[in-house]
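# Structural characterization, general
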Protein chains: 2
Amino acid sequence: MNFKKVPLTAIRRLSIYARMLAGLEADGKQQVSSRDLGETASIPSTQVRKDLAYFGQFGKRGSGYSVKELGFRLRKILGIDRAWNVALVGAGNLGRALFSYPGFSKQGFRIVAVFDNSPGKVNKSWKGTRIQSIKELSKTVREKNISIGIVAVPASGAQEVADEMCKAGIKAVLNFAPKRLKVPTGCMQANVDLAIELENFSYYLSKLR
Amino acid sequence: MNFKKVPLTAIRRLSIYARMLAGLEADGKQQVSSRDLGETASIPSTQVRKDLAYFGQFGKRGSGYSVKELGFRLRKILGIDRAWNVALVGAGNLGRALFSYPGFSKQGFRIVAVFDNSPGKVNKSWKGTRIQSIKELSKTVREKNISIGIVAVPASGAQEVADEMCKAGIKAVLNFAPKRLKVPTGCMQANVDLAIELENFSYYLSKLR
DNA sequence: TAGATTGTTAATCGATTAACAATC
DNA sequence: TAGATTGTTAATCGATTAACAATC
């Protein structure tokens with residue numbers, strides 16, 4: 001399959017193109033060239049064409065790409081032509097922020113279940129979504145056809161939560177705890193490690209002087 | 001300088017090693033090998049040694065690295081041997097979560113100022129930190145010696161905030177808005193784009209069937 | 001010493017960029 | 001047609017991994 005051969009970085013750029021195309025479509029633009037697409041993100045046109053070439057031929061020589069058509073195809077490739085159900089574990093400050101984050105629902109990622117362990121939080125509701133005990137995770141994942149999990153608990157509990165998720169059949173885990181998780185092969189994980197981002201900065205800032 | 005030649009990915013791994021060393025030190029471990037260091041994060045020992053080699057020779061052939069010594073040196077290299085002052089712009093849900101995020105202060109990143117534009121928020125206080133109008137950004141950055149900025153506002157206002165930050169002398173911008181920012185050369189930016197992470201997932205999930 | 005592990009050079013791998021024929 | 005822009009092959013670049021002499 002071509003699956004394994006597409007670099008992850010290319011997929012990330014595809015997301016950028018898709019977002020840009022949505023904007024162009026809203027502006028009523030009909031055609032766009034690989035040069036235009038790359039320009040605002042400082043991506044060479046040749047990189048844009050290469051990224052697209054992993055998935056097919058979408059353009060017309062001489063005139064570029066149809067904004068509408070390419071947007072449609074990219075959304076399809078990225079799987080954002082449909083909705084995905086998401087489970088959020090951790091109803092603290094971060095969980096709350098993620099729950100209300102407008103960027104998720106806009107792309108069809110729906111947080112349909114929220115979990116926490118603290119007795120003070122369980123059975124409270126956020127905008128009509130009841131906070132459930134983690135014990136209910138497995139059942140709910142099946143019932144609500146959830147395929148993505150977000151870990152927004154402290155580092156100490158993160159691995160346990162991830163284990164539960166994978167056992168319940170979740171195939172992709174977005175982790176905010178500052179700790180790399182072990183997940184079974186076939187389960188995908190992405191880590192948003194805020195401390196590492198800031199440490200990158202402090203490295204750079206230290207070098208400045 | 002060796003500055004330009006060190007890959008960014010190597011710096012990120014350095015953060016991982018530093019974190020691991022802190023754990024080992026807490027456990028009372030004295031020595032550690034490159035193999036041990038890489039193991040839990042699935043990084044080959046040869047990669048670990050290569051990463052360290054960008055900055056010097058820290059080990060003893062035959063016995064490995066002193067946990068204490070290497071930890072100290074890495075913290076120094078990463079610039080986390082001292083505190084950094086941070087400005088947070090955007091006092092919404094996300095801003096609130098970042099403000100309370102324990103991982104920041106633990107590493108010496110101190111959010112010493114919070115800004116927002118909404119009249120309903122300005123002059124309110126979070127744990128003793130007054131929310132200021134963005135108009136005060138420049139002045140406060142100078143007064144409080146702030147070198148890092150966090151953008152936690154919606155996409156529509158993000159560029160404007162980043163401009164203000166860079167003009168005020170901030171040299172590193174962590175951006176949570178789903179939008180790549182333009183910053184002057186010499187200013188560093190990192191983007192935490194949650195939508196792109198999830199779109200990666202949906203790509204992967206779509207391919208699974 | 002013998003065993004272990006470093007630091008570094010060389011080989012490999014993969015991704016980015018350049019070049020250009022194809023063609024709208 | 002002439003100008004523009006694609007899709008793709010080849011060249012370049014940079015990072016990862018393997019190998020191994022140095023040495024504790």
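Definitions and cut-offs
Residues numbered from 1 in each chain as written. Chains lettered and ligands numbered in written order. Predicted model: local features only at pLDDT ≥ 70, side-chain atom pairs only at ≥ 80, totals over all residues. Heavy atoms only, no water. UniProt positions renumbered as here; feature names shortened; annotations may be inferred. Pairing = 2+ DSSP bridges. Helix = DSSP H or I, 4+ residues; strand = E, 2+ residues; numbered from the N terminus. Contact = heavy atoms within 4.5 Å. Axes fitted to C-alpha atoms, helices over the stretch in contact; angles between N-to-C directions. Near = heavy atom within 4 Å. Polar contact = N/O pair within 3.5 Å; in protein donor to acceptor, adjacent residues only side chain to side chain. Domains from an automatic or database assignment. Phe/Tyr/Trp six-rings, centres within 6.5 Å; stacked < 30°, edge-to-face > 60°. Buried < 20%, exposed > 50% of the residue type's maximum accessible area, 1.4 Å probe, protein only. Lys NZ or Arg CZ within 6 Å of the ring centre and 35° of its normal.

Chain A has the name Redox-sensing transcriptional repressor Rex in an unreviewed UniProt entry. As recorded by UniProt, the Sequence similarities (unreviewed entry) comment attached to chain A reads in full: "Belongs to the transcriptional regulatory Rex family." If you open the UniProt record of chain A and go to Subcellular location (unreviewed entry), you find "Cytoplasm".

### Considering the sheet that holds strand β1 (residues 31-32) of chain A
Residue and element names in this part refer to chain A. Read across the open sheet, the three strands follow the order β1-β3-β2; overall the sheet is antiparallel. Only two strands of the sheet have a single neighbouring strand rather than two, namely β1 and β2 (59-60). Direction of pairing for β2 relative to strand β3 (residues 64-66): antiparallel, over a ladder of two bridges. When the bridges of β3 are listed, Lys-60 appears paired with Gly-64. Sheet strands touched by helix α4 (residues 67-78): β1 and β3. Its angle to β3, the strand with the most contacts, is close to 75 degrees.

### Focus: the protein's contact with DNA strand C
Taken together, 24 residues lie around DNA strand C, and Arg-61 of chain A together with Ser-34, Arg-49, Gly-59 and Tyr-65 of chain B are the ones closest in. For DNA strand C, the fraction of protein-proximal atoms (within 4 Å) that sit in sugar or phosphate groups is 64%. In the model, a phosphate oxygen of DNA strand C is placed 2.6 Å from a nitrogen or oxygen of the Ser-34 of chain B side chain.

### A look at the domain arrangement of chain A
We note that the domain assignment places domain 1 (8-77) and domain 2 (84-196) within chain A. Inter-centroid distance (C-alpha atoms) of domain 1 of chain A to domain 2 of chain A is 32 Å.

### Considering the protein's contact with DNA strand D
Of all residues adjacent to DNA strand D, which total 24 residues, the nearest are Ser-34, Arg-49, Gly-59 and Tyr-65 of chain A together with Arg-61 of chain B. Note that a phosphate oxygen of DNA strand D is positioned 3.5 Å from one of the side-chain N or O atoms of Thr-9 of chain B. One of the side-chain N or O atoms of Thr-46 of chain B is found 3.3 Å from a base nitrogen in DNA strand D. Listing elements by their share of the surface near DNA strand D, those giving two or more residues are α3 (45-53), β2 and β3 of chain A together with α1 (8-26) and α3 (45-53) of chain B. By residue number, the principal contributor to the surface near DNA strand D is α3 of chain B, which donates four residues.

### As for the packing of aromatic side chains
Residue and element names in this part refer to chain A. Counting across every chain of the model gives six aromatic pairs over all chains. Plain terms: the ring middles of Phe-99 and Trp-126 are 5.3 Å apart, the flat faces sit at 55 degrees to each other, and that makes the pair tilted. With Phe-99 in helix α5 (residues 93-100) and Trp-126 in strand β6 (residues 125-126), the pair connects residues that are 27 residues apart, well separated along the chain. Taking relative accessible area as the criterion, Trp-126 reaches 8% and is therefore assigned buried. Of note, Arg-82 hangs over the ring of Trp-84, and the distance from its end group to the ring centre comes to 3.6 Å.

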